[in-house]
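# Tertiary structure, described
The primary structure of each chain is shown beneath.
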Amino acid sequence: MRNTRSALMSLLVGTAFFASLPASAQDADAALQALDAALPGELLHNPFDLEWEAKGNDIRTKVVDAEALTSGKAISARIKKKQQRAWDSSLGVEIANPVSKGEEIQVFFWARTKKAAAGKDTANVGMFVGRNEEPYDYILSEDILPETEWKLMNVTGVADADYPAGSLKVEYQLGRAAQIVEFGPVYVSTLGPKDSS
């Protein structure tokens, strides 16, 4: 690992990179370059992008203020009722860059439960990085239970196939319960070929 989790957490909450969403394209480019240079590996997408795709008739999303995050903004996703399948209500963002077989992918993302289902303490979300189309394969998949306070979560996986540019996405599957979940920036990086030694 090129950096420790605690060091990365300090980096991602630090205000040196962005105190709010960049105000202009030039500011965004500069902030993105600084972030890419500081994170281990190479970013595969733009974490400042809040243009996430919501799927499902029951999901409602909006950009909300998030003072606890240095980005200043988050995406709130509301599911009114439990769906038949978890992926019937989802929130996702495309990963622009290609990934080659054997690359180790690392994802850091912010999440919290705004409102859990009746009788529950946390939301219940399925998260993956993969293809949401044939053959529906993925690099990593994780069940997450966000707490009521913002928390930086971390998952890693190794690609077992080549993925062309634009074929991958980060997706949060939210249909497991009636719930409101908020998501801050997500950082997807490749750490290069996984060291098999």
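Reading the values: rules and limits
- Residues numbered from 1 in each chain as written.
- Predicted model: local features only at pLDDT ≥ 70, side-chain atom pairs only at ≥ 80, totals over all residues.
- Heavy atoms only, no water.
- Helix = DSSP H or I, 4+ residues; strand = E, 2+ residues; numbered from the N terminus.
- Contact = heavy atoms within 4.5 Å.
- Salt bridge = Lys/Arg side-chain N within 4 Å of Asp/Glu carboxyl O.
- Buried < 20%, exposed > 50% of the residue type's maximum accessible area, 1.4 Å probe, protein only.
- Pairing = 2+ DSSP bridges.
- Polar contact = N/O pair within 3.5 Å; in protein donor to acceptor, adjacent residues only side chain to side chain.
- pLDDT = per-residue confidence, 0-100.
- Phe/Tyr/Trp six-rings, centres within 6.5 Å; stacked < 30°, edge-to-face > 60°.

### Focus on the overall build of the protein chain
Of regular secondary structure, the protein chain possesses two helices and 11 strands. Considering only residue pairs separated by 6 or more positions, the protein chain has 76% of its internal contacts joining residues 24 or more positions apart.

### Observations regarding the pattern of salt bridges
Per the stated rule, a full pass over the model turns up eight salt bridges. One salt bridge in this structure joins glutamate 182 and arginine 112, with 2.8 Å as the shortest N-O distance. With a gap of 70 residues between them, glutamate 182 in strand S11 (residues 179-193) and arginine 112 in strand S6 (residues 103-115) connect regions that are remote in the sequence. Here glutamate 182 falls in the buried class, since its relative accessible area comes to 5%.

### Some remarks on the environment of proline 185
If you trace the backbone, proline 185 turns up in strand S11. On the basis of relative accessibility, which here comes to 8%, the residue proline 185 falls in the buried class. Sequence separation between proline 185 and isoleucine 75 is 110 residues; the distance between their C-alpha atoms is 8.8 Å. With residues up to four places along the chain from it excluded, the contact list for proline 185 reads Pro47, Leu69, Ser71, Lys73, Phe108, Phe109 and Trp110.

### Digging into the environment of aspartate 121
Looking at the element boundaries, aspartate 121 is found in the loop between S6 and strand S7 (125-130). Separated by 25 residues in sequence, aspartate 121 and proline 146 place their C-alpha atoms 9.2 Å apart. For aspartate 121, the contacting residues outside a window of four places in its chain are Ala116 and Thr148.

### Regarding the pairing of strand S3 (residues 59-66)
Across eight bridges, the pairing between S3 and strand S4 (residues 72-79) is antiparallel. Within S4, the position partnered with arginine 60 by the bridge is arginine 78. The turn linking S3 back onto S4 is made up of five residues.

### Looking at the side chain of glutamate 103
Its place among the elements puts glutamate 103 in strand S6. A polar contact is formed between the side chain of glutamate 103 and the backbone nitrogen of serine 100, at a distance of 2.5 Å. At 2.4 Å, the side chain of glutamate 103 forms a polar contact with the side chain of threonine 190. Among all residues touching glutamate 103, those that are not within four sequence positions of it are Pro98, Gly157, Val158, Ala159, Thr190, Gly192 and Pro193.

### Section: unusual backbone geometry
Note that the residue after glutamate 134, namely proline 135, is joined by a cis bond; omega there is 10°. Residue placement: proline 135 occurs in the loop between S7 and strand S8 (138-144). For tyrosine 136, which is not glycine, the phi dihedral falls at a positive 55°. Tracing the backbone through its elements, the reader meets tyrosine 136 in the loop between S7 and S8.

### Let's talk about the confidence of the model for the protein chain
In the predicted model, the protein chain carries a mean pLDDT of 82, and 78% of its residues have values of at least 70. Here helix H1 (residues 5-13) stands out as the least confident element of the protein chain, with mean pLDDT 42; S7 is the most confident, with 96. Residue range residues 1-25 is modelled with pLDDT below 50. Its contacts to residues more than four positions away, or to other chains, number 50 contacts.

### A word on the packing of aromatic side chains
A full pass over the atoms with the stated rule returns three aromatic pairs. Between tryptophan 52 and tyrosine 172 the ring centres are 5.6 Å apart and the planes differ by 15°, which places this aromatic pair in the stacked class. Separated by 120 residues along the polypeptide, tryptophan 52 in the loop between strand S1 (42-43) and strand S2 (53-55) and tyrosine 172 in strand S10 (residues 168-173) bring together distant segments of the chain. Tryptophan 52 sits in the buried class, given a relative accessible area of 13%. Taken together, the ring pairs connect Trp52, Phe109, Tyr172 and Phe183 into an aromatic cluster.

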